[in-house]
Amino acid sequence: MSHDESYATVIPIDSARERRDGVPPDDDRLGEFLGFVRRRLAGEYEIDEFGFDPELTDKVLLELLRPIYRHWFRVETLGLGNVPAEGGALVVANHSGTVPLDALMLQVALHDEAHRPVRLLGADLVYELPVLGHLSRKTGHTLACREDADRLLRKGELVGVFPEGFKGVGKPFHDRYKLQRFGRGGFVASAIRAGVPIIPCAIVGAEEIYPKIGDLRTLARALGLPYLPVTPLFPWLGPLGLIPLPSKWMIEFGEPVRTDECDPDAADDPATVFNFTDHVREIVQQRLDDLRLRRGPAFPPLF
């Protein structure tokens, strides 16, 4: 066997090992990082009209969140086939956890498992905070308003919304997995106007990361916050109390609820909007109840 032939037999073996491990060689990772830095410094990257920076989101934010998603919360996804591979759709999920980490875990799930970026709609408070508001727009989030929702859906984007808002994420632990009111149904109206499907989404696991057992209401009002939680660990342990508990998570995407059979003018009919809203809420609540039973213990062993 010639020197060239023996060399040719070695390369596929190393490549196969890299594919099995799922981790690129160190020199490739370093090259990717240096290329990323060079593009950022040279301004060679794209953002859309909402400020979304896909490369920054994937290479920085999601890269930081993936270890939490995979190893701390051990997120299991179900029903990914119900998420359209392309075109506009509206993901409607329950909201919980005192600190809205469920929004970030949903973003990782849809990006890594369904291979679609999700444009999450956030409350006004998020965009009133200078650093957080800027970072949210960079990572694809935008204000929860009719104009932005309609534009994104008509552009064929996957949009995510949490209709419970702060009522859901800030509810006490004894009300866990009990859906709060779904607002006025503005998300349904946007879906009807765009003629896109609504994807009910149930998230189990977030309720246990920061069990809210109290609320420092006076201090919260002074800080302009909707609530300031007391948990079994916070504020008693200081910064350590901010570490989320390692609950087991499950995220399920339900069968799409079609809106394309409705006339777009139905978006202005309160009865139609209410019926759709109530139907989606019932689906999410049913899936939450079923997922809790399927998950079993909230805190199975990490190892």
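Since the structure is predicted, the reported quantities are computational estimates derived from the model, not experimental observations. (Residues numbered from 1 in each chain as written. Predicted model: local features only at pLDDT ≥ 70, side-chain atom pairs only at ≥ 80, totals over all residues. Heavy atoms only, no water.)

What follows covers the overall build of the protein chain. Along its length, the protein chain carries eleven helices and nine strands. For the protein chain, the C-alpha atoms occupy an extent of roughly 80 × 55 × 45 Å along the three principal directions. Counting only residues that meet the buried cut, the protein chain has 44% of its 303 residues in that class. Carbon and sulfur atoms provide 59% of the accessible area of the protein chain, an area that totals close to 16300 Å². (Helix = DSSP H or I, 4+ residues; strand = E, 2+ residues; numbered from the N terminus. Buried < 20%, exposed > 50% of the residue type's maximum accessible area, 1.4 Å probe, protein only. Areas by Shrake-Rupley, 256 points an atom, 1.4 Å probe, with all protein chains shown as cover.)

This part is about the environment of Arg295. Examined against the element boundaries, Arg295 turns out to sit in helix H11 (residues 270–295). Setting aside anything within four residues of it in sequence, one finds Arg295 in contact with Tyr177, Val204, Gly205, Glu208, Lys248 and Met250. (Contact = heavy atoms within 4.5 Å.)

Once that is clear, we can look at the UniProt feature "domain: Phospholipid/glycerol acyltransferase" (unreviewed entry) in the protein chain. Mapped onto this numbering, the UniProt entry gives "domain: Phospholipid/glycerol acyltransferase" (unreviewed entry) at residues 89–206. Summarising residues 89–206: 41% helix, 19% strand, and an end-to-end C-alpha distance of 24 Å. (UniProt positions renumbered as here; feature names shortened; annotations may be inferred.)

Before going further, it helps to spend a moment on the pairing of strand S3 (residues 118–122). Successive side chains on a regular strand alternate, one facing one side of the sheet and the next facing the other. The buried count for S3 comes to five of five residues, which makes it a mostly enclosed element. As paired elements, S3 and strand S5 (residues 158–161) share three bridges and run parallel to each other. When the bridges of S5 are listed, Val118 appears paired with Leu158. Pairing of S3 with strand S4 (residues 142–143) involves two bridges; the strand directions are parallel. Along S4, the bridge assignment pairs Leu121 with Thr142. (Pairing = 2+ DSSP bridges.)

Attention shifts here to unusual backbone geometry. Residue Pro235 follows Phe234 across a cis peptide bond; omega there is 5 degrees. With respect to the element layout, Pro235 can be found in the loop between strand S8 (229–230) and strand S9 (250–253). At Thr98, a residue that is not glycine, the phi angle is positive and equals roughly 70 degrees. Tracing the backbone through its elements, the reader meets Thr98 in the loop between strand S2 (89–93) and helix H4 (101–112). The backbone phi angle of Tyr177 is positive, close to 65 degrees, even though this residue is not glycine.

As a further point, take the nonpolar core. Core analysis: the biggest nonpolar cluster contains 33 residues, and Leu90, Val92, Phe187, Val188, Ile198, Val280 and Leu288 have the highest contact counts within it. Residue assignment for this core shows that the elements contributing at least two residues are S2, helix H7 (146–154), S5, helix H9 (186–194), strand S6 (198–204) and H11. The element contributing the most residues to this core is H11, with seven residues. Residues contacting Val188, with those up to four places away along its chain left out, are Ile198, Val273, Phe276 and Thr277. Counting 31 residues, the second-largest nonpolar core is a separate cluster that includes Val75, Leu101, Met105 and Leu120. (Core = buried A, V, L, I, M, F, W, Y, C linked by side-chain atoms within 4.5 Å.)

Along the chain, Ala114 falls in the loop between H4 and S3. A C-alpha to C-alpha distance of 7.0 Å links Ala114 and Val83, two positions 31 residues apart in sequence. Not counting residues up to four positions away in its chain, the partners in contact with Ala114 are Leu80, Val83 and Ala109.

A word on the packing of aromatic side chains. On inspection of all chains with the given rule, the structure shows two aromatic pairs. Measuring from centroid to centroid gives 4.6 Å for Phe73 and Trp249, while their planes differ by 25 degrees, and the two rings are stacked. With Phe73 in the loop between helix H3 (54–72) and strand S1 (76–78) and Trp249 in the loop between S8 and S9, this pair connects stretches of sequence that are 176 residues apart. Judged on exposure class, the residue Phe73 and its partner Trp249 are both buried. Considering the side-chain rings of Phe182 and Phe187, the 6.1 Å spacing of their centres and the 75 degrees angle between planes classify their relative orientation as edge-to-face. Its relative accessible area of 3% is what places Phe182 among the buried residues. A relative accessible area of 9% places Phe187 in the buried class. Between Arg176 and the ring centre of Phe173, over which it is positioned, the NZ or CZ distance is 4.1 Å. It is Lys212 that lies over the ring of Tyr227; its NZ or CZ is 4.7 Å from the centre. (Phe/Tyr/Trp six-rings, centres within 6.5 Å; stacked < 30°, edge-to-face > 60°. Lys NZ or Arg CZ within 6 Å of the ring centre and 35° of its normal.)

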